[in-house]
Number of protein chains: 2
Amino acid sequence: MNCSSSAFTPTIVAAALGDDALRQRVQSVLDGKTKPLGSLGRLETLALQLALALGDERPKLRQPQLVVFAADHGIAAQGVSAYPAEVTRQMVRNFLAGGAAVSVLARQHGLNLTVADCGVAADFEPHPQLVLLKVPGAEYGSADSTRALAMSAAQCAAAIDNGRRLVDRLPGNALLLGEMGIANTSAAALLMARLTGEPLQHCVGRGTGLDDAGLAHKQAVLERALDRHAEARTPFEVLTALGGLEIATMVGAIQQAAASGRIIVVDGFITTAAVAVAAALEPQPAGLLAHCVFAHCSQENGHARWLRHLGVEPLLDFGLRLGEGSGAALAWPLLESACRILTEMASFESAGVSGRRDSLR
Amino acid sequence: MNCSSSAFTPTIVAAALGDDALRQRVQSVLDGKTKPLGSLGRLETLALQLALALGDERPKLRQPQLVVFAADHGIAAQGVSAYPAEVTRQMVRNFLAGGAAVSVLARQHGLNLTVADCGVAADFEPHPQLVLLKVPGAEYGSADSTRALAMSAAQCAAAIDNGRRLVDRLPGNALLLGEMGIANTSAAALLMARLTGEPLQHCVGRGTGLDDAGLAHKQAVLERALDRHAEARTPFEVLTALGGLEIATMVGAIQQAAASGRIIVVDGFITTAAVAVAAALEPQPAGLLAHCVFAHCSQENGHARWLRHLGVEPLLDFGLRLGEGSGAALAWPLLESACRILTEMASFESAGVSGRRDSLR
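Residues numbered from 1 in each chain as written. Chains lettered and ligands numbered in written order. Predicted model: local features only at pLDDT ≥ 70, side-chain atom pairs only at ≥ 80, totals over all residues. Heavy atoms only, no water.

All names here are of chain B. Relative to each other, helix 1 (residues 20-32) and helix 2 (residues 41-54) sit at 145°, their axes nearing to 10 Å. Where helix 1 crosses over helix 2, the two elements pack in a sense that is right-handed. Judged by residue contacts, Leu-22, Arg-23, Val-26, Gln-27 and Leu-30 of helix 1 engage Glu-44, Ala-47, Leu-48, Ala-51 and Leu-52 from helix 2. A breakdown of the residues in the contact of helix 1 with helix 2 according to their chemical character gives seven nonpolar, one polar and two charged. (Axes fitted to C-alpha atoms, helices over the stretch in contact; angles between N-to-C directions. Helix = DSSP H or I, 4+ residues; strand = E, 2+ residues; numbered from the N terminus. Left-handed = near helix turned anticlockwise from the far one by under 90°. Contact = heavy atoms within 4.5 Å. Nonpolar A, V, L, I, M, F, W, Y, C, P; charged D, E, K, R; others polar.)

Quick look at the structure:
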């Protein structure tokens, strides 16, 4: 099977960008709050974004869902990660047992945590927080993209469809993206190189902690994968040839979340890859990106540059490089704060506070 | 009365820096958690700081107290603020009514909010969240430092003592600093110029939103205040000559919080001024600074530079310039997250997760 997009349902998203009237109303509400104009800085631009994306000048975040999309990667066999591939399934069990960073942070903030098995090399016991989204023929992970397509077009389309259907079943109006998959910084770096045109060395990083020799080896392996799939050019072809199953599933989840008017909280390098693919599949990427809040700029080499390519501004700069959705969970209360500024703060008028001396307010 | 420190009780702080054995134990616990070494970045250094400052490898934040220290400033009569001085008392009422940004954020995070009247030009009705810390002879604010000492040495010492006694009565192990006082960026800029030796233009900013002409006027006024008090050199003399009553009260609060082993969450430019004075009063400033978490780098002109002078790294860079403690409240969940990483995450051993392939972990 070739990697044409023939098996692929056209994108379903035409996410609403807030209309100008709403934007003006929200800005006017913000400006009337008891604070100097613009003095809450990034929290105000976040509040404006959330109001527009949710289409509500009094935005309220309901039943936030953090989903960790997990899968294994054939390219791990090339020795591109500091950790063995078995860590993917071990960490899935750790998420479900509540001991991982993302488990701890989700619990702190009341985020409902779901783990989606998009192709982990394991057969898990049933668990109330585990959903099986394995794809026929790729149940235990993607193929090694240095030797073959990472997945067939049919598998890629099935994974995207899985992601859409998962989100369609989830309650609430906010989706926080997490992921797990040993070697998935390799898949994400390949997607970045092909989608942005950046030289590969701007896209490849140390992942979970490669040393210099490990990084050089990873880059050489990824060069081979890019060479092998030189013909893959459309976003769908690129995803099929180079991407991972958890990334493809996330692409569908992102499409569905945006189409249903939800907020999408993006974590680090891998989840940014999924957003970048989803945006590239859109005729109007801005509509989809308007729903995305980028939680942080990670330490992974390519992340800051990719965020600049997307024209987005992350909330935190914490030097994180863990993934799992840990950064998305960490930043979550900032979104809550932004909503509360709009809905709970007094106005100059209601509080009887004087305006500027020069009446410039 | 001159501004010698004769009326001033020597500092009471000799805050414990965590011992090396504890540091090694905490680092080893962090390194054993199920994540690549150091992959939670700034959250790990924060966790280490909190553990050392609280002297506990399983740190727990209890009954956090946010105090808004409020006072009026004689120098406001020189037209250095975009807002009229009456806004100080109006905002105190807004804090107590629950409508200010800091009220909203404190409510979101379960922070107990107290407003301390350190010299506001008003007589407030009693309120359960209001404490009166007015100083004899300066009940309605400091004097105009372009014409006189901002406060007498006795008043300054009394304000510091008020701050110590307030914190001594507060429960819990964390103090979040907030402030309100029209023209208090002027007082803070003067303190910065004299304490750091930076040229005044590196210290003066737009405060609540001065335009270029307003900024030039503010700088000219502050030059006069500095010239008038050229002889003020010791930290206590500088505070007495140039500082505000809320800043002096905060200095005492910070000393007491550090001496009693609490975490101090610093907000923006004004609260940083109080920490800088408190640190300058210490024989070993590092002991006091070890208790301080700097919540954010504000938009106010001098703040980033002052943080560098203090050698500290703020958590957020959100372009805030509101004060009130709003940035400290906004950042609070990050401190909670840091503690939970230490206390709730599984270790590689307990979770049965494999280590690095190269066994370098």
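The subject of this paragraph is the sheet that holds strand 6 (residues 292-294) of chain A. What holds strands together in a sheet is hydrogen bonding between their backbones, with the strands either parallel or antiparallel. Residues and elements named next belong to chain A. Spatially, 3-2-1-4-5-6 is the arrangement adopted by the six strands of the open sheet, whose pairing is parallel. Strands with a single pairing partner mark the edges of an open sheet, and in this sheet they are strand 3 (130-132) and strand 6. This sheet shows a mean twist of 25° between the axes of neighbouring strands, independent of strand direction. Sheet analysis places strand 4 (residues 174-180) next to strand 5 (residues 263-266), joined by three bridges and oriented parallel. In the strand pairing of strand 5, Leu-175 is matched with Ile-264. Each of strand 5 and strand 6 is contacted by helix 2 (residues 41-54), which is oriented at about 155° to strand 6, the strand it contacts most. Contacts from helix 9 (residues 245-259) reach strand 1 (65-70), strand 4 and strand 5 within the one sheet, and its direction differs from that of strand 4 by about 175°. (Pairing = 2+ DSSP bridges.)

Next up on the list: the sheet that holds strand 1 (residues 65-70) of chain B. Residue and element names in this part refer to chain B. Taken together, the six strands give an open sheet; going across it, the order is 3-2-1-4-5-6, and neighbouring strands pair in parallel fashion. Each end of this open sheet is capped by a strand with a single partner; those strands are strand 3 (130-132) and strand 6 (292-294). Across the sheet, the mean angle separating the axes of adjacent strands is 25° when strand polarity is ignored. Taken strand by strand, helix 9 (residues 245-259) contacts strand 1, strand 4 (174-180) and strand 5 (263-266), and its axis lies near 175° from that of strand 4.

Mapping chain A onto chain B leaves a residual RMSD of 0.0 Å; the transformation is a rotation of 180° accompanied by 0.0 Å of translation along its axis. In symmetry terms, the pair is related by a two-fold rotation axis. Taken together, the interface assignments show that 100% of the residues at the interface of chain A recur at the interface of chain B, consistent with an identical surface on both copies. (Least-squares fit on C-alpha atoms with pLDDT ≥ 70 in both.)

Residues and elements named next belong to chain A. Here His-309 shows up in helix 12 (residues 303-310). Looking at His-309, the relative accessible area reads 41%, which means it is partly exposed. For the pair His-309 and Leu-342, spaced 33 residues apart in the sequence, the C-alpha separation amounts to 30 Å. In contact with His-309, not counting residues within four places along its chain, are Thr-196 and Glu-198. (Buried < 20%, exposed > 50% of the residue type's maximum accessible area, 1.4 Å probe, protein only.)

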